[in-house]
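Residues per chain, in single letters:
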Amino acid sequence: MSKSTAVSAPGKVLLAGGYTVLDPSCRGLVFALSARIHCVATPSNDPSATPGKITVRSPQFQDAVWEYQVSTSDEDGGKAVSVVQTNDGDPNPFVLTTLKYTLSYLSLPVPPPTTLTILADNPYYSQPPPPIPRFNSLPFPIKSAYKTGLGSSAALVTSLTSSILLHFLPTSSPKLPPHIFHNLAQASHCAAQGKVGSGFDVAAATYGSCIYRRFPPEILTAIPDPADPTFSNILRETVDKPWTSMESTPITLPSQIGLIMGDVQCGSSTPGMVKTVLSWRKSGGEDAETTWKALNSRNEDLISTIKDIINSNTQEPSTTTDTIKQRITAIREMVRELGSKASVEIEPESQTKLLDAAADQVDGVIGGVVPGAGGFDAVCFLYERKEGVEQNLREFLGNWKVENGVVKALELGQEGEGVRVEKVEGYRDVKAYFEGIAEL
Ligand SMILES: Nc1ncnc2c1ncn2[C@@H]1O[C@H](COP(=O)(O)OP(=O)(O)OP(=O)(O)O)[C@@H](O)[C@H]1O
Ligand SMILES: C[C@@](O)(CCOP(=O)(O)O)CC(=O)O
């Protein structure tokens, strides 16, 4: 445990299954992205630091240091763990909750003083124009950063959870199965968010690109508050058991297909979309149910088509991409229908124009969607990985004018892998972030 431990977890894009994935009878298609949040755990080298002092820092941002004091007391079958922030400044609920949950799960004696350094890849936040260095630092606090919707909190929580588990578990302990990392990160993320979402973001951060079916929300709502004396026992039981009805079947894009995300920066957002869609479904009778099911069945058609392409090398490339094109068009039609019935702009007209124009005007673009909850914030395209297509699509997006804003193509692609251990030497190019913290 005296060495450093580094891990990283990817961001996500929900290509198909927005809203319907909240329903455990439906599945979503989520791709992990090559934009990661890294967490490096190092033993503190401050001689005055006392046991239980945990410092979490995000040195790309201003005032992003959170100091905590951990203390434990014995309770039936484990430890009650208290984690209290000891420095001034904005609290970070995702960091605090993850520490509380993960240390309670581990139920070990007070940890030695430790520093956790978080580094996020550039596409998570709006950046100045290139060239910018890896893990670019931004001259303001995190709360002032413009997020691009890649699931920074889910990647952060998954990365932090995994690094704490790997760093503090005695080396003699048996290797933890992957579902422990997932279940614990999912529990912390939901608690920090104050709501139980479908959890596809944490699933992608842990398992990578997958076909996702959510877990029953009651699994998490049954966990009591950390102040409750039964907390760590119930948390451990909940995390240790496999969540059998949940699905995270690995899937990646076929090698001939690439993925690009566009951040649509037009300064508008529509809160409450999920609430409105769900209440429409509840009160919408048979018609709402038919629309919901039709959308899910079109999402499933896209999933089957991608699986068929991966499993057979025999199909003509043009036939395969034509089929995906049709599947995406069919999904978008139904998304617009559902949106209009629920009175929610899931694929707003301005986005329809952009998606259609890219597919019509850029040769090799297979199709695009407004991912996740939709709205005005982002677009996601699939394209044929042929000479020049990616470049042309990026240029097209760069030239596209939206009302009061621009579209920025993000520097990322699809990536199969979820959370992974990194080599500490891999951060030597950004040594300055570790000055006085660790030798790399
Ligand atoms: N680099 C970071 N270091 C520390 N905390 C971070 C970092 N990035 C994100 N966070 C935490 O995550 C919060 C943002 O989470 P939020 O769920 O609002 O965004 P998101 O996960 O990026 O969004 P979306 O789910 O729409 O993709 C921040 O307020 C902060 O608490
Ligand atoms: C609307 C919803 O299905 C997807 C939200 O996706 P995103 O955060 O917009 O990427 C909500 C959820 O799955 O928790």
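Identification of the protein chain as Phosphomevalonate kinase from Arthrobotrys conoides is taken from an unreviewed UniProt entry. According to UniProt, the comment filed for the protein chain under the heading Pathway (unreviewed entry) is "Isoprenoid biosynthesis; isopentenyl diphosphate biosynthesis via mevalonate pathway; isopentenyl diphosphate from (R)-mevalonate: step 2/3." According to UniProt, the comment filed for the protein chain under the heading Catalytic activity (unreviewed entry) is "(R)-5-phosphomevalonate + ATP = (R)-5-diphosphomevalonate + ADP".

A. Focus on the overall build of the protein chain. In terms of helices and strands, the protein chain carries 11 helices and 15 strands. Its C-alpha atoms give the protein chain a radius of gyration of 22 Å, near enough to 22 Å, the size a compact globule of 440 residues would have. Seen through its principal axes, the protein chain has C-alpha atoms that stretch 65 × 50 × 45 Å. Taking all 440 residues of the protein chain together, the buried fraction comes to 54%. Of the accessible surface of the protein chain, which amounts to about 19400 Å², a share of 52% is contributed by carbon and sulfur atoms. Side-chain charges in the protein chain split into 38 positive and 48 negative, and the spacing between the mean points of these groups amounts to 1 Å.

B. Structural detail: the UniProt feature "domain: GHMP kinase C-terminal" (unreviewed entry) in the protein chain. UniProt feature "domain: GHMP kinase C-terminal" (unreviewed entry): in the numbering of this structure it lies at residues 324-391. As a span, residues 324-391 carries 51% helix and 18% strand, and end to end its C-alpha atoms are 21 Å apart.

C. Examining helix α10 (residues 349-361) more closely. Taking 1.5 Å per residue as the helical rise, α10 with its 13 residues ought to reach 18 Å, and the 18 Å between its terminal C-alpha atoms agrees with that figure. Buried residues of α10: Gln351, Thr352, Leu354, Leu355, Ala357 and Ala358, and no others. Summarising the contacts, the buried residues of α10 are in contact with β9 (257-265), α9 (317-342), β10 (365-369), β11 (378-384), α11 (389-399) and β13 (405-409).

D. Molecular detail of the packing of helix α2 (residues 152-168) against helix α4 (residues 200-207). Running from N to C, α2 and α4 cross one another at 45°; their axes reach a closest spacing of 9 Å. Accordingly, the angle class assigned to the pair α2 and α4 is oblique. Crossing hand, α2 versus α4: right-handed. Contacts from Ala154, Ala155 and Thr158 of α2 reach α4 at Asp201, Val202, Ala205 and Thr206.

E. The arrangement of the site of ligand 2 in detail. What surrounds ligand 2 is the set Lys12, Leu14, Gly18, Tyr19, Val21, Leu22, Gly197, Ser198, Phe200, Val274, Gly372 and Ala373. Interatomic distance of 2.6 Å between a side-chain N/O atom of Lys12 and an oxygen atom of ligand 2. One nitrogen or oxygen atom from the side chain of Ser198 is found 2.6 Å from an oxygen atom belonging to ligand 2. Relative to its free-state accessible area of 390 Å², ligand 2 is covered by the protein chains to the extent of 75%. Here the residues of the shell around ligand 2 are counted per class, giving 7 nonpolar, 4 polar and 1 charged.

F. Region of interest: the site of ligand 1. The environment of ligand 1 is formed by 16 residues, the closest being Ser58, Tyr125, Lys147, Gly151 and Ser152. Take Gly151: an N or O atom from its main chain is 2.8 Å from an oxygen atom of ligand 1. At 2.6 Å, a side-chain N or O of Ser152 approaches an oxygen atom of ligand 1. In isolation ligand 1 offers 650 Å² of accessible surface; the protein chains occlude 77% of this area. Examining the composition of the shell around ligand 1, we find that 3 residues originate from one element, α2, more than from any other. Its residues placed into classes, the shell around ligand 1 shows 8 nonpolar, 6 polar and 2 charged.

Thresholds, definitions, all that
Residues numbered from 1 in each chain as written. Chains lettered and ligands numbered in written order. Predicted model: local features only at pLDDT ≥ 70, side-chain atom pairs only at ≥ 80, totals over all residues. Heavy atoms only, no water. UniProt positions renumbered as here; feature names shortened; annotations may be inferred. Helix = DSSP H or I, 4+ residues; strand = E, 2+ residues; numbered from the N terminus. Rg over C-alpha atoms; globule rule 2.2 N^0.38 Å. Buried < 20%, exposed > 50% of the residue type's maximum accessible area, 1.4 Å probe, protein only. Areas by Shrake-Rupley, 256 points an atom, 1.4 Å probe, with all protein chains shown as cover. Lys, Arg positive; Asp, Glu negative; His and termini not counted. Charge placed at Lys NZ, Arg CZ, Asp CG, Glu CD. Expected span 1.5 Å × (residues − 1). Contact = heavy atoms within 4.5 Å. Axes fitted to C-alpha atoms, helices over the stretch in contact; angles between N-to-C directions. Parallel < 35°, antiparallel > 145°, perpendicular 65-115°, else oblique. Left-handed = near helix turned anticlockwise from the far one by under 90°. Near = heavy atom within 4 Å. Polar contact = N/O pair within 3.5 Å; in protein donor to acceptor, adjacent residues only side chain to side chain. Nonpolar A, V, L, I, M, F, W, Y, C, P; charged D, E, K, R; others polar.

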